[in-house]
Amino acid sequence: MMKHSQHTASTETLNAPTQAGAFKPITLLGSKTTRGWCYQILLALVLVGFCGWLYHNVVENLQTQRITTGFGFLQQSAQFAIGETLIDYTPRDTYARAVLVGLLNTLYVTACGIILATVLGFIVGLGRVSKNWLLVKLAEGYVELLRNVPVILQVIFWSVTIRNLPSPRGAIELAGLGFLTNRGLTFAVPEAHPGWQWTLWALLAGIVLSVALSMLARRQRERGGRLWPVARLRVALIVGLPLVVWWLCGAPHGIDRPTLRGFNFRGGFTISPEFTALLLGIALYSSAFIAEIVRAGVQSVPKGQLEAARSLSFSPWHVIRHVIIPQAMRVIVPPLASQYVSLAKNSSIAVVVGYPELANISNTLMNQTGQALEAIAIMMVVYLIISITTSLLMNIFNRYVAIKER
């Protein structure tokens, strides 16, 4: 009888946690997920409150000093000239249009810098993994020199170098195609004709259609394993379509060549020293980092993959195109996006050489109106949008080049 009571008591003791576990404790904020959201909302409210207090404090201090606030000044006449513009602009235009001119100049030098830095970076990066000893050392010296010199010093160096070139009367002739002087690079361009505009639009359309066709062929290959021979069709779209449009528009072929008249050249197209110095400075600086990114991406490809490709009698071009690049891009693209964002922000260094991009024009705007807070806010928002847009586009491209396993 005693043993049976002890057995019953022990059984109740073992079952006690299970029965007690049936009653879950009730917390004030519910589950862990709910508490997490509450903490984040609370933190957001604190940050919004702090920003509101800070803004109110700044506005109150500005009113005490009798400094007006707001963005109404953007509708006032700018009353200052801008040396380089991509759109029509006169000093009688508003500050808003002046800011737009600066924004377009920023986007223009950023786009040119990204293209130049990418091309140079990939060339030097492939040189870093070459089997040629001299080429490897030259590429290594290029990277170490440009990567370890501040970008602002490189921009100033190129500005001083260009300013010390000969005057237009002693210009350096470039094989009859243009002239290099201390006033920039002047070269021949096609004469103004509507046919060239239609040809340019046809080229852009051909590039877009070629990319779309490549994406469609890749999706078909990943889903069904079938290869579409689209290489020739892509070449026809990019090269043939513009040629057909050019021929249909009358095949314009006139060339506007620069000629020396007085103390400067007339005709052709001139790239200013300020733009050239800024472009070379930020592009060469970024290309050194891109070269190291490319080198790391290429070296991340397993050697067994290369040996397998060679054993299948792949040509060097096919090894690079179908084996190295697809696998290396997974390593290259994410840090490459950071370099593009950094290059866009480095364009603000233009203020030291006088190129009229956003930061330079905003600085002039602040000096004339005293609206420093608003001008800085405009620059912050614009650079933030540029950086976010660049990151978004690179993320989309990263998903495109990613190798999808089946």
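This is a predicted model, so every value here is computed, not measured.

Asker: Help me out: how do you make sense of the overall build of the protein in this one?
Answerer: What the protein contains, in helices and strands, is twelve helices and eight strands. Split into buried and exposed, the 406 residues of the protein put 32% on the buried side. Considering only intrachain contacts with a sequence separation of at least 6, the fraction spanning at least 24 residues in the protein is 67%. Approximately 25,900 Å² of the protein is accessible, and the part contributed by carbon and sulfur atoms is 66%.

Asker: I keep staring at the side chain of asparagine 105 and nothing clicks. Help me out?
Answerer: Its location among the elements puts asparagine 105 in helix H3 (residues 95–128). Exposure remark for asparagine 105: the relative accessible area of 1% places this residue in the buried category. When residues no more than four places from it in sequence are discounted, the contact partners of asparagine 105 are Glu84, Thr85, Leu86, Tyr355, Pro356 and Glu357.

Asker: Mind showing me how you'd approach unusual backbone geometry here?
Answerer: With a phi angle near 65°, glutamine 79 is a residue other than glycine that sits in the positive phi range. Within the secondary structure layout, glutamine 79 lies in the loop between helix H2 (32–64) and H3. A relative accessible area of 56% places glutamine 79 in the exposed class. Here alanine 251, not a glycine, exhibits a phi torsion of approximately 50°, which is positive. Assignment of secondary structure puts alanine 251 in the loop between helix H7 (231–248) and strand E5 (255–256).

Asker: Could you clarify how one ought to interpret the sheet that holds strand E3 (residues 184–187) in this entry?
Answerer: Strand pairs in the sheet, formed through backbone hydrogen bonds, run parallel or antiparallel to each other. Pairing in this open sheet of four strands is antiparallel, and the strands run E1-E2-E3-E8 from one edge to the other. Edge positions in the sheet fall to strand E1 (172–173) and strand E8 (269–271), since each has one partner strand and no second. Pairing between strand E2 (residues 178–181) and E3: four bridges, direction antiparallel. Among the inter-strand pairings, glycine 178 is bridged to a residue of E3, identified as phenylalanine 187.

Asker: What am I meant to see in the pairing of E2 here?
Answerer: One face of the sheet, then the other: side chains in a regular strand alternate in exactly this way. Bridging between E1 and E2 involves two bridges; their strand directions are antiparallel. Note on E2: the bridge partner recorded for glutamate 173 is phenylalanine 179. Two successive antiparallel strands, E2 and E3, enclose a turn made up of two residues.

Asker: Help me understand a nonpolar patch on the surface in this model?
Answerer: Taken together, the side chains of Leu200, Trp201, Leu203, Leu204, Ile207, Val211, Met215, Val235, Ile238, Val239 and Leu243 present a nonpolar region at the surface, about 960 Å² in accessible area. Taken together, the elements giving at least two residues each to the nonpolar patch come down to helix H6 (194–224) and H7. Top contributing element to the nonpolar patch by residue count: H6, with seven residues. The topology assignment puts valine 235 in helix H7.

Asker: Just checking my understanding: could you explain the UniProt feature "transmembrane region" (unreviewed entry) in the protein for this structure?
Answerer: Feature annotation in UniProt places "transmembrane region" (unreviewed entry) on residues 37–55, 107–129, 198–216, 236–255, 275–298 and 375–397, given in this structure's numbering. From the first C-alpha to the last, residues 107–129 spans 33 Å; its make-up is 96% helix and 0% strand. Helix makes up 65% of residues 236–255 and strand 5%. Its end C-alpha atoms lie 26 Å apart.

Asker: How should the confidence of the model for the protein be read in this particular structure?
Answerer: Predicted coordinates in regions of low pLDDT should not be interpreted in detail. Confidence in the prediction of the protein, expressed as mean pLDDT, is 82, and 89% of residues score 70 or more. Here residues 16–23 scores under 50 on pLDDT; set against residues more than four positions off or in separate chains, the count is zero contacts.

Asker: Would you mind going over the pairing of E3 with me for this structure?
Answerer: In this structure, E3 lies alongside E8, joined through three bridges in antiparallel fashion. By the bridge assignment, phenylalanine 187 is partnered in E8 with phenylalanine 269.

Asker: Looking at this model, I keep getting lost on the packing of aromatic side chains. Mind explaining?
Answerer: One pair of aromatic rings is described through two measures. These are the centre distance and the angle between the planes. Counted according to the given criterion, the structure contains seven aromatic pairs. Ring plane angle 20° and centroid distance 5.2 Å describe the contact between tyrosine 108 and phenylalanine 275, whose orientation is recorded as stacked. Residue tyrosine 108 is located in helix H3, and its partner phenylalanine 275 is located in helix H8 (residues 273–299); the two are separated by 167 residues in the primary sequence. Judged by its relative accessible area of 32%, tyrosine 108 is partly exposed.

Calculation notes
Residues numbered from 1 in each chain as written. Predicted model: local features only at pLDDT ≥ 70, side-chain atom pairs only at ≥ 80, totals over all residues. Heavy atoms only, no water. Helix = DSSP H or I, 4+ residues; strand = E, 2+ residues; numbered from the N terminus. Buried < 20%, exposed > 50% of the residue type's maximum accessible area, 1.4 Å probe, protein only. Contact = heavy atoms within 4.5 Å. Areas by Shrake-Rupley, 256 points an atom, 1.4 Å probe, with all protein chains shown as cover. Pairing = 2+ DSSP bridges. Patch = residues over 30% accessible without salt bridge, like charges linked within 9 Å, V, L, I, M, F, W, Y side chains within 5 Å. Salt bridge = Lys/Arg side-chain N within 4 Å of Asp/Glu carboxyl O. UniProt positions renumbered as here; feature names shortened; annotations may be inferred. pLDDT = per-residue confidence, 0-100. Phe/Tyr/Trp six-rings, centres within 6.5 Å; stacked < 30°, edge-to-face > 60°.

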